[in-house]
Amino acid sequence: MAENSTAQVRIGICPGCGARIRFQQFELGEFVVCEECGDELEVVQTNPIKLDWAYSEPYENDDWGDDEDDFDDGWDDYDDDDDGED
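Attention here is on the structure that accompanies the text. (Residues numbered from 1 in each chain as written. Predicted model: local features only at pLDDT ≥ 70, side-chain atom pairs only at ≥ 80, totals over all residues. Heavy atoms only, no water.)

**Side note on the pairing of strand S1 (residues 10-13)**
Applicable threshold: Strands qualify as paired when DSSP identifies two bridges or more between them. Put simply, DSSP H or I for four residues or longer makes a helix, DSSP E for two residues or longer makes a strand, and each gets a number counted from the N terminus.
Pairing analysis gives 4 bridges linking S1 to strand S2 (residues 20-23), with the strands arranged antiparallel. If you follow Arg10 over to S2, its bridge partner there is Phe23. Here S1 folds back onto S2, and the loop between the two strands holds 6 residues, one of which, Gly18, carries a positive phi near 85°.

Spelled out as structure tokens, the structure:
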């Protein structure tokens, strides 16, 4: 008897349009394009398959507020009194 050589088909959902995207082989970090809406997606979880929009650079939030001295908002020079004096 011959072995069944078909791989198990797994399905991920496009976060943009909800289309079902079928996978026979996939890897974490793999990029795919949704055939329905054209969004570029990335496999961000493998069990179950979870897709997210692909970004050119990873989002990093670790630099917020580190360089407070480099930010000049101009509020130190603002005079909110209506008396005409600075």
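On we go.
**Quick word on a nonpolar patch on the surface**
This is how it is decided: Only residues whose relative accessible area exceeds 30% and that form no salt bridge enter a patch; like-charged residues are grouped when within 9 Å of one another, and nonpolar side chains (Val, Leu, Ile, Met, Phe, Trp, Tyr) when within 5 Å. Here the open area of atoms and residues is found with the Shrake-Rupley method and a 1.4 Å probe, where only the protein chains shown may cover a residue. In the sections that follow, a salt bridge refers to a side-chain nitrogen of Lys or Arg positioned within 4 Å of a carboxyl oxygen of Asp or Glu. Burial here depends on accessible area, computed with a 1.4 Å probe over protein chains only, as a share of the maximum for the residue type. Under 20% is buried, over 50% is exposed, and the range in between is partly exposed.
A cluster of nonpolar side chains, contributed by Val9, Ile11 and Ile13, occupies part of the molecular surface with about 220 Å² of accessible area. Topologically, Val9 is positioned in the segment before S1. Val9 gets classed as partly exposed once you look at its relative accessible area, which sits at 41%.

**Considerations on the sheet that holds strand S3 (residues 31-33)**
To keep it simple, the criterion reads: For every element, the axis is a line fit to its C-alpha atoms; helices are fit only across the contacting stretch, and the angle between N-to-C directions ranges from 0 to 180 degrees.
In spatial order, the strands read S3-S4-S5; together these 3 strands make up an open sheet with antiparallel pairing. Bordering the open sheet on either side are S3 and strand S5 (49-53), each of which pairs with just one other strand. Averaged over all adjacent pairs, the angle separating strand axes in this sheet is 40°, with direction ignored.

**Some details on the nonpolar core**
Note the threshold: For our purposes a nonpolar core is just a set of buried Ala, Val, Leu, Ile, Met, Phe, Trp, Tyr and Cys residues, chained together by side-chain atoms within 4.5 Å. In what follows, residue pairs with any heavy atoms lying within 4.5 Å of each other are defined as contacts.
One finds Cys14, Ala19, Ile21, Phe23, Val32, Cys34, Leu41, Val43, Ile49 and Leu51 forming the largest nonpolar core, which totals 10 residues. Mapped onto this core, the elements with two or more residues apiece are S2, strand S4 (40-46) and S5. Beyond its immediate sequence surroundings of up to four residues, Cys14 is in contact with Ala19, Ile21, Cys34, Cys37, Asp39, Leu41 and Leu51.

Without other data, these values stay purely geometric and don't point to any function.
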